[in-house]
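# Descriptive structure summary
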Amino acid sequence: MAWPSLTGTELILYIPCLLLFFYYLYNTYFVFPLSPNWPLVGMLPSLLANADRVHDWMAEILKLKNGNFYLRGPWLSDMTLFFTADPANVHHIFTQNFQNYPKGEEFAEIFEVLGHGVFNTDGQLWRFQREKLQVTMSQKCFCTFIGKTTQEKIENSLLPFLSETVDQRLVIDLQDMFSRLSFDMTCILTFGADLGSLSTDFPAVPFAQAVDDATATIFFRITRPSAWWKLLKFLESGQEKRMAKSRVVGERFIAEVIEKRKQEMIEGSHVFPDLLGSYLRDENIPNSNKFLRDSAVNFLVAGRDANSSGLSWFFWVLSQNQQTEEKILHELSSVRHSTTPEGMAIFDPEELENLVYFRAAFLETLRLFPPVPFNVKSVLKPDILPSGSRVTPGMKIIPSAYAMGRMEMIWGKDCMEFKPERWISETGTLRHVPSHKFLAFNAGPRTCLGRSMALTQLNMVAAAMVYNFCFDVVEGQIVAPALSIVLHMKNGLMVRVRRRTCI
Ligand code: HEM
């Protein structure tokens, strides 16, 4: 049989296809099965093929590549992402050469919903806001306020909500419940009012939905060439249409909150040490609505999302590790607690601080399921990282906390196992792991400001829930991370709740 002769146009079409095919075979059978970069189209095919498991995919490549790799955008897109899970690089980027790795202008554009808040700025503006927040959050009255309001919220909303779900035999989504609870608690801290979104009527919470849509869109923006998402934004199409809607909802909500809080200050009717209240009283803080809006949005997002993600994954790992739950119950039964009129136990934050195993179980959850799974940094001047990798301006660096929690070189051969014991020293105290190895709360000058507050709240909520109730995860449910900048669960965590009858 004679071979058909090919025209010039056909050759132009065939040759790139053949090249792609051989490249695929080469990677599949001779290099390793996960090479992310393709000729011409860069990472796009690999990203699309792994779109529903992107965090695990990144972690697998980082493992195979000893903790570092580059991901290239399509030809001419000028997009290069450098992924790292290497503690020496993380230490260099976050601490030793911090000045060279700001979040950068592109980050600010991608995260524009956060305005010029603490998360989204660099230099003087960031430092000013961080210092103000640090002072506010370390004040004794603020800390007491957190303990007291969390305790009240547990007693007046969370436990009654769970009792009702038992009485009505409801199947509930724990993730949704934690989002509502964290949102209410963060609203109290931000502007001193409980919006009551945690109730078995499941009221719609437009602001919370807007934040979910915005964080999903931000993930989309990070993983696409900027020209692409900017075009969609201009056209208000696809994911960007949701972002535009979220912005309107968010802006309206925050404007109302600020107006209400200002009015209360004028009337002197509300004296809580909440964030907005403290800012309105502080003469050194710009009183402009824009500054207050940005501060409030950043605080609300910080408090709601990370806390609810941490709690959801904690209850998921507990459901998979019966022994851990038993050990936690044993520890809880050894400390003093108060009892509600309905006979349910509530724990004091100070009592919980001494429970080493309980705290270790939380840290172990955050190791495997960090609520902020990756960070984004830009590069000011060309640099060579401790790993020998070269980084240049225009690149985005993505340090992955999710991958770091799964690296054998950091945690040993059993890195994929849930083992709270790894956090406990021979003398029975909590082991300190430096933040450039355990990146869940970030590292260096931008370390999370809410770390101790968050751990207090998570411990109080989880202690009351575990001690008073049992949670049976609905069978056959697939629990996996969602595509977002926050480690939500894509299908939620559906459970049936029972009252615990014996400890
Ligand atoms: C389990 C709970 C939490 C985790 C795992 C967590 C983790 C993180 C991470 C990874 C960052 C760095 C983000 C970035 O640079 O893009 C961060 C920053 C921050 N967090 Fe948290 N966070 C938690 C809870 C909270 C809470 C409850 C608050 C306060 C309401 C809070 C306040 C902040 C603030 C203000 C920053 C900005 C720090 C800066 O850029 O200087 N966090 N957090």
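Preceding block: the structure.
Described below are features of the structure shown in this document.

Thresholds, definitions, all that
- Residues numbered from 1 in each chain as written.
- Predicted model: local features only at pLDDT ≥ 70, side-chain atom pairs only at ≥ 80, totals over all residues.
- Heavy atoms only, no water.
- 1 Å grid on protein atoms, 1.4 Å probe; cavity = no way out; pocket = protein on both sides within 12 Å on 5 of 7 lines; lining within 4 Å.
- Points joined across faces, edges and corners; volume = space filled by probe spheres on them.
- Helix = DSSP H or I, 4+ residues; strand = E, 2+ residues; numbered from the N terminus.
- Nonpolar A, V, L, I, M, F, W, Y, C, P; charged D, E, K, R; others polar.
- Near = heavy atom within 4 Å.
- Polar contact = N/O pair within 3.5 Å; in protein donor to acceptor, adjacent residues only side chain to side chain.
- Pairing = 2+ DSSP bridges.
- Axes fitted to C-alpha atoms, helices over the stretch in contact; angles between N-to-C directions.
- Contact = heavy atoms within 4.5 Å.
- Buried < 20%, exposed > 50% of the residue type's maximum accessible area, 1.4 Å probe, protein only.
- Arc of directions from axis to C-beta.
- Left-handed = near helix turned anticlockwise from the far one by under 90°.
- Core = buried A, V, L, I, M, F, W, Y, C linked by side-chain atoms within 4.5 Å.
- Salt bridge = Lys/Arg side-chain N within 4 Å of Asp/Glu carboxyl O.
- Phe/Tyr/Trp six-rings, centres within 6.5 Å; stacked < 30°, edge-to-face > 60°.
- Lys NZ or Arg CZ within 6 Å of the ring centre and 35° of its normal.
- Patch = residues over 30% accessible without salt bridge, like charges linked within 9 Å, V, L, I, M, F, W, Y side chains within 5 Å.
- Areas by Shrake-Rupley, 256 points an atom, 1.4 Å probe, with all protein chains shown as cover.

## Section: the layout of surface pockets
What the largest pocket holds in volume is close to 430 Å³. Along the walls of the largest pocket sit 17 residues, with C143, I146, S452, M453 and T456 positioned nearest its centre. Breaking the lining of the largest pocket down by element, the ones donating at least two residues are helix 6 (123-138), helix 7 (140-167), helix 15 (349-353) and helix 19 (451-468). Of the residues contributing to the lining of the largest pocket, the split by class is seven nonpolar, six polar and four charged.

## Things to note about the site of the ligand
Taken together, 25 residues lie around the ligand, and K103, W126, R130, R446 and C448 are the ones closest in. Within the contact set of the ligand, an oxygen atom lies 2.8 Å away from a side-chain nitrogen or oxygen of W126. Taking R446, its side chain carries an N or O atom lying 3.0 Å from an oxygen atom of the ligand. Broken down by secondary-structure element, the contributors of at least two residues to the shell around the ligand are helix 6, helix 13 (289-320) and helix 19. Of all the elements, helix 13 adds the most residues to the shell around the ligand, at five residues. In terms of residue class, the shell around the ligand is built from 17 nonpolar, five polar and three charged.

## Side note on the sheet that holds strand 3 (residues 171-173)
Pairing is antiparallel in the open sheet, where three strands are placed in the order 3-11-10. Two strands lie at the open edges of the sheet, namely strand 3 and strand 10 (469-473), each paired on one side alone. Neighbour-to-neighbour, the strand axes of this sheet turn through a mean angle of 45°, independent of strand direction. Inspection of the sheet shows strand 10 paired to strand 11 (residues 494-499) by five bridges, in the antiparallel sense. Residue pairing for strand 11: D472 is matched across the bridge by R496. Against the sheet, helix 8 (residues 174-191) makes contact with strand 3, strand 10 and strand 11, and its axis sits at roughly 55° relative to strand 3, the strand it touches most. In the packing of helix 19 onto the sheet, contacts are made with strand 10 and strand 11, and the angle to strand 10 comes to roughly 90°.

## Comments concerning the sheet that holds strand 6 (residues 377-378)
Think of a sheet as strands paired side by side through backbone hydrogen bonds, with each pair either parallel or antiparallel. Here four strands make up an open sheet; going across it, the order is 1-2-9-6 and the pairing mixed. One side of each edge strand has no neighbouring strand; the edge strands of this open sheet are strand 1 (68-72) and strand 6. The sheet contact formed by strand 2 (residues 80-84) and strand 9 (residues 396-399) spans four bridges and is parallel. Bridge pairing in strand 9 places F83 opposite I398.

## A short note on helix 14 (residues 322-332)
Along helix 14, the residues classified as buried are T324, E325, I328, L329, E331 and L332. All buried residues of helix 14 project into a common sector of 160° when viewed along the axis, lining one side. Away from its buried face, by an angle of more than 90 degrees, helix 14 presents the exposed residues Q323 and H330. Residues of helix 14 that are buried sit in contact with helix 13, strand 5 (345-347), helix 15, helix 16 (356-368) and helix 19.

## Some words on the packing of helix 8 against helix 13
Direction vectors running N to C along helix 8 and helix 13 enclose 145°, while the axes themselves pass 8 Å from each other. Here the hand of the crossing between helix 8 and helix 13 comes out right-handed. Between helix 8 and helix 13, the contacting residues are L174, Q175, F178, S179, S182, F183, T186, C187, L189, T190 and F191 on the first element and A296, F299, L300, G303, R304, N307, S308, L311, S312 and F315 on the second. Along the lines of polarity and charge, the residues of the contact of helix 8 with helix 13 split into eleven nonpolar, nine polar and one charged.

## Some words on the nonpolar core
Counting 150 residues, the largest nonpolar core has L162, L174, M177, F315 and M465 as its most contacted members. Looking at this core element by element, the count peaks at 14 residues for helix 13. Not counting chain neighbours up to four residues away, the residues in contact with F315 comprise L174, F178, A462, M465, V466, F471 and L493.

## Remarks on the pattern of salt bridges
Enumeration according to the criterion identifies 34 salt bridges in this entry. When the shortest N-O distance is used, the salt bridge between E112 and R247 registers 3.4 Å. On the criterion of sequence distance, the pair formed by E112 in the loop between helix 5 (104-110) and helix 6 and R247 in helix 11 (residues 239-267) is long-range, its members being 135 residues apart. You can call E112 buried: its relative accessible area is 19%. As a salt-bridge pair, E251 and R293 come within 3.0 Å of each other at their nearest N and O atoms. Here the residue E251 occupies a position in helix 11, and R293 occupies one in helix 13, the gap between them amounting to 42 residues. E251 gets classed as partly exposed once you look at its relative accessible area, which sits at 33%. Each member of the salt-bridge network shares a partner with another, and the members are E112, R221, K233, E240, R247, E251, K290, R293 and D294.

## Looking at the packing of aromatic side chains
What describes a pair of aromatic rings is the distance from one ring centre to the other and the angle between the planes of the rings. Under the counting rule described, the total for this entry stands at 24 aromatic pairs. Feature note: the residues F178, F314, F315, F358, F362, F469 and F471 constitute an aromatic cluster, connected by ring pairs. The aromatic ring of F369 is capped on one face by R406, whose charged end is 5.4 Å from the ring centroid.

## Here's the deal with a nonpolar patch on the surface
Together, W228, L231, F234 and L235 make up a nonpolar patch on the protein surface, roughly 480 Å² of accessible area in all. Topologically, L231 is positioned in helix 10 (residues 226-235). Relative accessible area serves as the criterion here: at 41%, L231 is assigned to the partly exposed category.

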